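Results of the structural survey
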Amino acid sequence: MDTTVMPPDATDKLIPGSARVELTSTEGDPVKPNSRFKITAGENMSKFRQVTGCMRSNALTILSVLGVLSGGILAVILRYARDGRYTQREIAYVMFPGDLFLRMLKALIIPLIVSSLISAIGSLDLKMSGKIGARAVAYYMSTTCCAVVLGIILATSIRPGKGGNVDEISRPTQGARPTTTPDLLMDLVRNLFPPNLIQACIAQYKTVLVPPTDEQFLAAMNATEGPINKTAIPLSEWRMKYEIEPSTNILGLVVFALVLGITLGKMGPKGKPLLDLFSCLSEAFMIITSWVIHLSPIGVLFLVTAQMLEMESFEVIVGQLGMYFLTVMLGLFTHGFIVLTSMYFLITKRMPFQFIGNMAEALATAFATSSSTATVPVALACLEDKNGIDPRVTRFVMPIGATINMDGTALYEAVAALFIAQVRGISLTLGNIIAISITSTAASIGAAGIPQAGLVTMVMVLDTVGLPAEDVTLILAVDWFLDRFRTFTNVLGDSLGAGIVNHLSKKDLSEMPPPQQFVTIPPMANPDDFTLEMEKELNGMAVTTAERSQPAEDVWQSTSM
């Protein structure tokens, strides 16, 4: 095997002082993409320089986590620094740096998701795409079902709503939007097939129920005995109106990207120019993402601070809705750090802690933005650059996962439905609980990866067991805060799923023509030698040692053994 050490050029995404190592066989073929490598520093490197090098390479991760913690501490200090509440304008000033960071991330969502999906699927044959897709969907369905079952078990055993009173729980004055389960499901299917792709980037389809007119109300009152109000008229008899809601139709764009990617893959050489265009776009937006990620510590800090300043009262979380809040948090923690990590360990035979640690930037961004979709650019960068997941897997699995895999939302909706029933004093049968589990699973798939989308689909779950839709407002006081932990769990599940699918697809991916493979060597303070060791032999070839000399003068040489 020949090893070439190349100086970084303008297109490299490397830390200054790093080396880019391209591995090729003596026949000129690239090394298979699933081979594992271990970079070890030379014997002359001191422990101090190893520690400082590790700190430098993980500085952004550490700062992102500190941004979340600092934001919470700063919010508490500001809240108790004055007696009155902060005005909307004052909160907007605090929010401004975080809002800029969030806008940058959202600007990358559509071009990155569409180009990544098309390039990933187009580079795979139809059979390979089907295998990866089937593994991803099987993982998504199994984890979502586990989340729902876990939520139901916790809610029925802890009974957070027992002894509660609807009138004692403060709720907003605005009610939930009236809707029916069939309308929500049909809207979900309609949005899968947008008639206008440009419109899908900024809006999605929505069915709106119009309250009865005075004439309809009088006719209904004459047809019944005794006085009635307008709310007594069934929603199924309300007039239907169709509107375009200003919200990105991610589901429709994902379906379009899937179909176009499969089409380009089947076209072969004819479709390669267009496939290369989307591949180039995907790489370009990944580079832009790496620039935006460097702003995450500041953006996360101000986002968390502003949201906590906006909160009505800390007492609501620990008072009226304290048991509900703790039940959901216990469920999310159990699912995220016990169920999902155990599944990862059993399938990959590797401990998940380093994998999760490498995803810290994405998880911090998920907590701050409360949006799975907005976190996709950061998650892709963490998976590919730090965890070494094959880009053909990450760019296929992550956009779909951010759209349909909502473990945290599924668990939350199951717990919320049972909590509301308990507060109302309604005993649910086994059939009702099964109905909640099914509709919670379906509703989580329909919840777009945007903040608090679960509240909309929550109406469908309540409608299934005959609970009033306006009872959604009972949990609004803590929903904004729980939404961040739900998003954290969703992104964690998507990321571990990418690692599992990558592990299960190694053999299949190794049989396909791989892209050119590179290994990034971390920067070193002095021109010490370094060793590139292979943990297992590749096609019977020996281990190769590459040396870097005189890095300050950009002189690079390579040797092979």
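As the structure is a computational prediction, the values presented were derived from the model and not from experiment.

Some words on the overall build of the protein
Helix and strand counts for the protein come out as 21 helices and 7 strands. Classification of the 561 residues of the protein by burial places 48% in the buried group. In the structure as shown, the protein presents an accessible area of about 26,400 Å², 63% of it carried by carbon and sulfur atoms.

Section: the nonpolar core
In this structure, Leu 117, Ile 132, Tyr 324, Met 359, Phe 396, Val 397 and Leu 496 are the most contacted members of the largest nonpolar core, which totals 119 residues. The biggest single contributor to this core is helix α3 (residues 88-122), with 15 residues. With residues up to four places along the chain from it excluded, the contact list for Ile 132 reads Leu 124, Val 393, Phe 396, Val 397, Val 501, Ser 505 and Leu 509.

Side note on helix α14 (residues 360-369)
Most of α14 is tucked away, with 10 of its 10 residues classed as buried. Listing the buried residues of α14 in full gives Ala 360, Glu 361, Ala 362, Leu 363, Ala 364, Thr 365, Ala 366, Phe 367, Ala 368 and Thr 369. Downstream of α14 by one or two residues, Ser 370 has phi in the positive range, about 60 degrees.

A look at the UniProt feature "transmembrane region" (unreviewed entry) in the protein
Taken from the UniProt record, the annotation "transmembrane region" (unreviewed entry) applies to residues 59-81, 101-124, 136-158, 247-265, 277-304 and 324-347. The distance separating the terminal C-alpha atoms of residues 136-158 is 33 Å; by composition the span is 100% helix and 0% strand. For residues 324-347, the helix share is 100%, the strand share is 0%, and the end-to-end C-alpha distance is 33 Å.

Focus: the side chain of Thr 394
Inspection of the secondary structure assignment puts Thr 394 in helix α16 (residues 391-404). In this structure the side chain of Thr 394 is engaged in a polar contact, spanning 3.2 Å, whose partner is the backbone oxygen of Pro 391. Discounting residues that sit within four places of it in the chain, Thr 394 has contacts with Leu 380, Leu 383, Glu 384, Ile 389 and Pro 399.

Quick word on helix α2 (residues 59-79)
The end-to-end C-alpha distance of α2 is 30 Å, a good match for the 30 Å that 21 residues give at a rise of 1.5 Å each. Buried within α2 are the following residues: Leu 60, Thr 61, Ser 64, Gly 67, Val 68, Gly 71, Gly 72, Ala 75 and Arg 79.

Side note on the packing of helix α9 (residues 272-293) against helix α15 (residues 372-385)
Two elements in contact, α9 and α15, have axes separated by 9 Å at closest approach and are oriented at 100 degrees. Regarding the angle of α9 to α15, the classification is roughly perpendicular. Between α9 and α15, the residues in contact are Met 286, Thr 289 and Ile 293 and Pro 377, Val 378, Leu 380, Ala 381 and Glu 384, respectively. Each residue belonging to the contact of α9 with α15 can be placed in one class, and the counts come to 6 nonpolar, 1 polar and 1 charged.

Some remarks on the pattern of salt bridges
Pairs may arise between side chains of opposite charge once their charged atoms sit close together. Overall, the coordinates contain 12 salt bridges when judged by the stated rule. Where Glu 90 meets Arg 82, a salt bridge forms, and the shortest distance between an N and an O atom there is 3.1 Å. A residue is classified by how much of its surface remains accessible, and Arg 82, at 33% relative accessible area, is partly exposed. Several salt bridges share partner residues, and in doing so they unite Lys 131, Arg 135 and Asp 508 into one network.

Let's talk about the side chain of Thr 341
For Thr 341, the position within the fold is in helix α12 (residues 322-348). Here Ile 338 takes part through its backbone oxygen, which lies 3.3 Å from a polar atom of the side chain of Thr 341. For Thr 341, the residues in contact, after removing those within four places along its chain, are Gly 336, Pro 352, Ile 356 and Leu 496.

Some details on a nonpolar patch on the surface
Taken together, Met 55, Ile 62, Leu 63, Val 65, Leu 66 and Leu 69 make up a surface patch of nonpolar side chains, about 520 Å² in accessible area. Looking at which element gives the most residues to the nonpolar patch, the answer is α2, with 5 residues. Tracing the backbone shows Ile 62 in helix α2. A residue is classified by how much of its surface remains accessible, and Ile 62, at 35% relative accessible area, is partly exposed.

Examining the environment of Thr 429
Within the secondary structure, Thr 429 is located in the loop between α17 (407-424) and α18 (430-446). Between the C-alpha atoms of Thr 429 and Val 465, which are 36 residues apart in sequence, the distance is 9.7 Å.

Some words on the confidence of the model for the protein
For the protein, mean pLDDT is 75; residues scoring 70 or higher make up 72% of the total. Contacts of residues 1-44 to residues separated by more than four positions or lying in other chains number 129 contacts, the stretch itself having pLDDT below 50.

Some words on unusual backbone geometry
Residues other than glycine seldom take positive phi values, yet Arg 159 does so here, at roughly 55 degrees. Here Arg 159 lies in the loop between α4 (126-158) and α5 (181-192). In this structure Arg 159 comes out as partly exposed when scored by relative accessible area, which is 40%. Even without being a glycine, Lys 349 presents a positive backbone phi close to 60 degrees. Along the polypeptide, Lys 349 turns up in the loop between α12 and α13 (353-358). Lys 349 gets classed as exposed once you look at its relative accessible area, which sits at 63%.

So, the packing of aromatic side chains
Under the defined criterion, the tally for this structure stands at 9 aromatic pairs. Seen in terms of ring centroids, Phe 333 and Phe 337 are 5.4 Å apart; in terms of plane orientation they differ by 35 degrees. Their pairing is tilted. Residue Phe 333 and its partner Phe 337 are located together in helix α12, separated by 4 residues, close to a single helical turn. Taken together, a centroid distance of 5.2 Å and an interplanar angle of 75 degrees make the contact between Phe 367 and Phe 485 edge-to-face. Taken together, the residues Phe 367 in helix α14 and Phe 485 in helix α20 (residues 476-504) connect sequence positions 118 residues apart. An aromatic cluster is defined as three or more aromatic residues linked by ring pairs; in this entry it consists of Phe 325, Phe 367, Phe 481 and Phe 485. Geometry around Tyr 86 places Arg 82 over its ring, the cationic atom sitting 4.3 Å from the centre. A cation over an aromatic ring shows up here: Arg 486 above the ring of Tyr 412, its NZ or CZ 3.8 Å from the ring centre.

Rules used in this analysis
Residues numbered from 1 in each chain as written. Predicted model: local features only at pLDDT ≥ 70, side-chain atom pairs only at ≥ 80, totals over all residues. Heavy atoms only, no water. Helix = DSSP H or I, 4+ residues; strand = E, 2+ residues; numbered from the N terminus. Buried < 20%, exposed > 50% of the residue type's maximum accessible area, 1.4 Å probe, protein only. Areas by Shrake-Rupley, 256 points an atom, 1.4 Å probe, with all protein chains shown as cover. Core = buried A, V, L, I, M, F, W, Y, C linked by side-chain atoms within 4.5 Å. Contact = heavy atoms within 4.5 Å. UniProt positions renumbered as here; feature names shortened; annotations may be inferred. Polar contact = N/O pair within 3.5 Å; in protein donor to acceptor, adjacent residues only side chain to side chain. Expected span 1.5 Å × (residues − 1). Axes fitted to C-alpha atoms, helices over the stretch in contact; angles between N-to-C directions. Parallel < 35°, antiparallel > 145°, perpendicular 65-115°, else oblique. Nonpolar A, V, L, I, M, F, W, Y, C, P; charged D, E, K, R; others polar. Salt bridge = Lys/Arg side-chain N within 4 Å of Asp/Glu carboxyl O. Patch = residues over 30% accessible without salt bridge, like charges linked within 9 Å, V, L, I, M, F, W, Y side chains within 5 Å. pLDDT = per-residue confidence, 0-100. Phe/Tyr/Trp six-rings, centres within 6.5 Å; stacked < 30°, edge-to-face > 60°. Lys NZ or Arg CZ within 6 Å of the ring centre and 35° of its normal.

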